[in-house]
Amino acid sequence: MTRDYFLLAALIILAYMSLIYLLSLIKKNASIVDIAWGAGFILVILTFYSRLLVNHESAGGRKFLTAIMITIWGLRLSWHIYKRNKGKPEDYRYAAWRQKWGRNFALRSYFQIFLLQGFFMFLIILPGLLIMTSQKPGWSFYDSLGLLVWLIGFLFEAKADDQLKKFKQNPENKGKIMRGGLWRYSRHPNYFGESLMWWGIFIIALNAPSGWLGIISPLTITFLLVKVSGVPLLEKKYQGNPEFEAYKKVTSAFFPLPPKKFS
């Protein structure tokens, strides 16, 4: 049964990312993949949760909780990125690849942007799928701990994004580096919060048979945020900026820590 779930999830993600790819060609803007990212998780998890309801299988407790958590995370993230990108040109990352790849952009973007993100989507949603296959009744310590970790992560990400948004809206801060609020303790508190949410879902998945396999999810998203598409790409923009270099010397890159630890 678990194998069937994995295969169906892979097919849904393949079809979804292919559709978003075609839409990006029409709009000539690959940035829409960022908006579609969170929505893709919602599509997958609600598809599996709906199957439970249709087949009159157990769909309460941790399964319902997991569907809600992933839906809330996906909605908030997609809406946040949509508002941030609305009315703006293609994100500088994709624009640079479009120029670098030239006539091969259409083909390479399908594999190196859309399908690659689809692959990571499959890895990250893995604990959610494992939870949907679990038949363990009742509420456990793992459920309580996982929910607590997820809530902390959600509040961290939402608060950090809100603080940064308000900072940028102030004309007096143009060209400056955000160093207040949660950003005093981490250069990327929103990324830390996002990672923490998936650690929470993984903890809940420990109730399921082979639930330990779900650790692939938080390890993947943490690695991507810290080493690949998160911290490195964003900070590359600020290399050589004196204010950012000073901020970087005293502030943790990811895990929130008191600034004095780095002074």
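In this text the structure is predicted, and so the values were computed from the model without any measurement.

Peer 1: Before we move on, could you go through the environment of asparagine 29 and cite the residues and values that matter?
Peer 2: Among the structural elements, asparagine 29 can be located in the loop between helix H1 (2-27) and helix H2 (32-54). Sequence spacing of asparagine 29 and glutamate 194 is 165 residues, and the spatial spacing of their C-alpha atoms is 25 Å. Excluding residues that lie within four positions of it along the chain, asparagine 29 makes contacts with Ser24, Pro89, Glu90 and Arg98. A distance of 2.8 Å separates a polar side-chain atom of asparagine 29 from the backbone nitrogen of serine 31.

Peer 1: Quick rundown of a nonpolar patch on the surface? Include the residues and the values.
Peer 2: There is a patch of nonpolar side chains on the surface, built from Phe141, Tyr142, Leu145, Leu148 and Ile152 and spanning about 480 Å² of accessible area. Among the secondary structure elements, leucine 145 is positioned in helix H7 (residues 141-169).

Peer 1: Describe unusual backbone geometry, with residues and values.
Peer 2: Although it is not a glycine, lysine 28 sits at a positive phi angle of roughly 55 degrees. Relative to the elements of secondary structure, lysine 28 occurs in the loop between H1 and H2. Although it is not a glycine, serine 210 adopts a positive phi angle of roughly 60 degrees. Mapped onto the elements of the fold, serine 210 is located in the loop between helix H8 (189-205) and helix H9 (216-228).

Peer 1: Any details on a positive patch on the surface? Residues and values, ideally.
Peer 2: On the surface, a cluster of positive charge is made up of Arg84, Lys88, Lys168 and Lys237. Relative to the assigned elements, lysine 88 resides in the loop between helix H3 (61-85) and helix H4 (92-101). According to the relative accessible area criterion, lysine 88 is exposed, its value standing at 52%.

Rules and cut-offs
Residues numbered from 1 in each chain as written. Predicted model: local features only at pLDDT ≥ 70, side-chain atom pairs only at ≥ 80, totals over all residues. Heavy atoms only, no water. Helix = DSSP H or I, 4+ residues; strand = E, 2+ residues; numbered from the N terminus. Contact = heavy atoms within 4.5 Å. Polar contact = N/O pair within 3.5 Å; in protein donor to acceptor, adjacent residues only side chain to side chain. Patch = residues over 30% accessible without salt bridge, like charges linked within 9 Å, V, L, I, M, F, W, Y side chains within 5 Å. Areas by Shrake-Rupley, 256 points an atom, 1.4 Å probe, with all protein chains shown as cover. Salt bridge = Lys/Arg side-chain N within 4 Å of Asp/Glu carboxyl O. Lys, Arg positive; Asp, Glu negative; His and termini not counted. Charge placed at Lys NZ, Arg CZ, Asp CG, Glu CD. Buried < 20%, exposed > 50% of the residue type's maximum accessible area, 1.4 Å probe, protein only.

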